[in-house]
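Structure assessment
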Amino acid sequence: MSRVGRSPILIPTGVVVKIQGSLVSVKGPKGELKLNVPEGINISVKDQSIRVERPVDTKQFRALHGTVRNIIANMITGTSAGYQKVLDISGVGYRAQVQGKKVVFTLGYSHPVEYQLPEGVSAEVDKKQTQITIQGIDKQVMGQVSANIRGLRAPDVYKGKGVRYANEFIKLKVGKAGKK
């Protein structure tokens, strides 16, 4: 049995988990998330913990077992504490501004780049306008939004300019050697 799938998920106080057939809904102080569980995966709630079990040991159910368990654990963490991702912008004149539900970037192009934030995701920019903090309750959406923003201007391997994750290290390449 999967080591990840076997471990129970503890439900913190203030979070309510409801199971109706194959629909799992998690409601907490930050919001509510829902998941349609694939057929055959069994979920049970006992004593403030959730157990995810598979009926048979086929390849398909082994693949789904740990994945479904981790998705439900991420839903509980997101609705109780939330998630955040920090992106750094480096480069002369590169900056960002939040305008309502969109973020406007100046990334060295001839035009500003606008990124519309999806529902349930918010962004904040620091005073220097070079650090963006993205917040939300759905971990998968958070990761996709931050990857999309990073993709607007990926870090240059020669100068290091662009949008990168706060903990990301870019190893810079050496430029041309020049004439000798």
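The present account deals with the structure reproduced in this document.

**A word on the side chain of R54**
Mapped onto the elements, R54 comes out in the loop between β6 (49–53) and α2 (59–80). Residue classification places R54 among the buried residues on the basis of a relative accessible area of 11%. At 2.8 Å, the side chain of R54 and the side chain of D57 are in polar contact. Within the structure, the side chain of R54 is placed 3.3 Å from the side chain of H65, a separation counted as a polar contact.

**Notes on the pattern of salt bridges**
Under the counting rule described, the total for this entry stands at three salt bridges. E114 is paired through a salt bridge with K102; the nearest N and O atoms lie 3.3 Å apart. Of this pair, E114 sits in strand β10 (residues 113–116) while K102 sits in strand β9 (residues 102–106), and the two are 12 residues apart along the sequence. Overall, E114 belongs to the exposed group, its relative accessible area being 51%. A salt bridge links R150 to E168, with the nearest nitrogen and oxygen atoms 2.6 Å apart. Linking R150 in helix α3 (residues 139–152) with E168 in the segment after β13 (162–165), this pair joins segments that are 18 residues apart in sequence. The class of E168 is partly exposed, set by a relative accessible area of 21%.

**Digging into the sheet that holds β6**
In spatial order, the strands read β1-β6-β5; together these three strands make up an open sheet with antiparallel pairing. Two strands lie at the open edges of the sheet, namely β1 (9–10) and β5 (42–46), each paired on one side alone. Relative to β6, β1 is paired through two bridges, and the arrangement is antiparallel. Bridged to L10 within β6 is S49. Contacts from α2 reach β1, β5 and β6 within the one sheet, and its direction differs from that of β6 by about 160°.

Thresholds, definitions, all that
- Residues numbered from 1 in each chain as written.
- Predicted model: local features only at pLDDT ≥ 70, side-chain atom pairs only at ≥ 80, totals over all residues.
- Heavy atoms only, no water.
- Helix = DSSP H or I, 4+ residues; strand = E, 2+ residues; numbered from the N terminus.
- Buried < 20%, exposed > 50% of the residue type's maximum accessible area, 1.4 Å probe, protein only.
- Polar contact = N/O pair within 3.5 Å; in protein donor to acceptor, adjacent residues only side chain to side chain.
- Salt bridge = Lys/Arg side-chain N within 4 Å of Asp/Glu carboxyl O.
- Pairing = 2+ DSSP bridges.
- Contact = heavy atoms within 4.5 Å.
- Axes fitted to C-alpha atoms, helices over the stretch in contact; angles between N-to-C directions.

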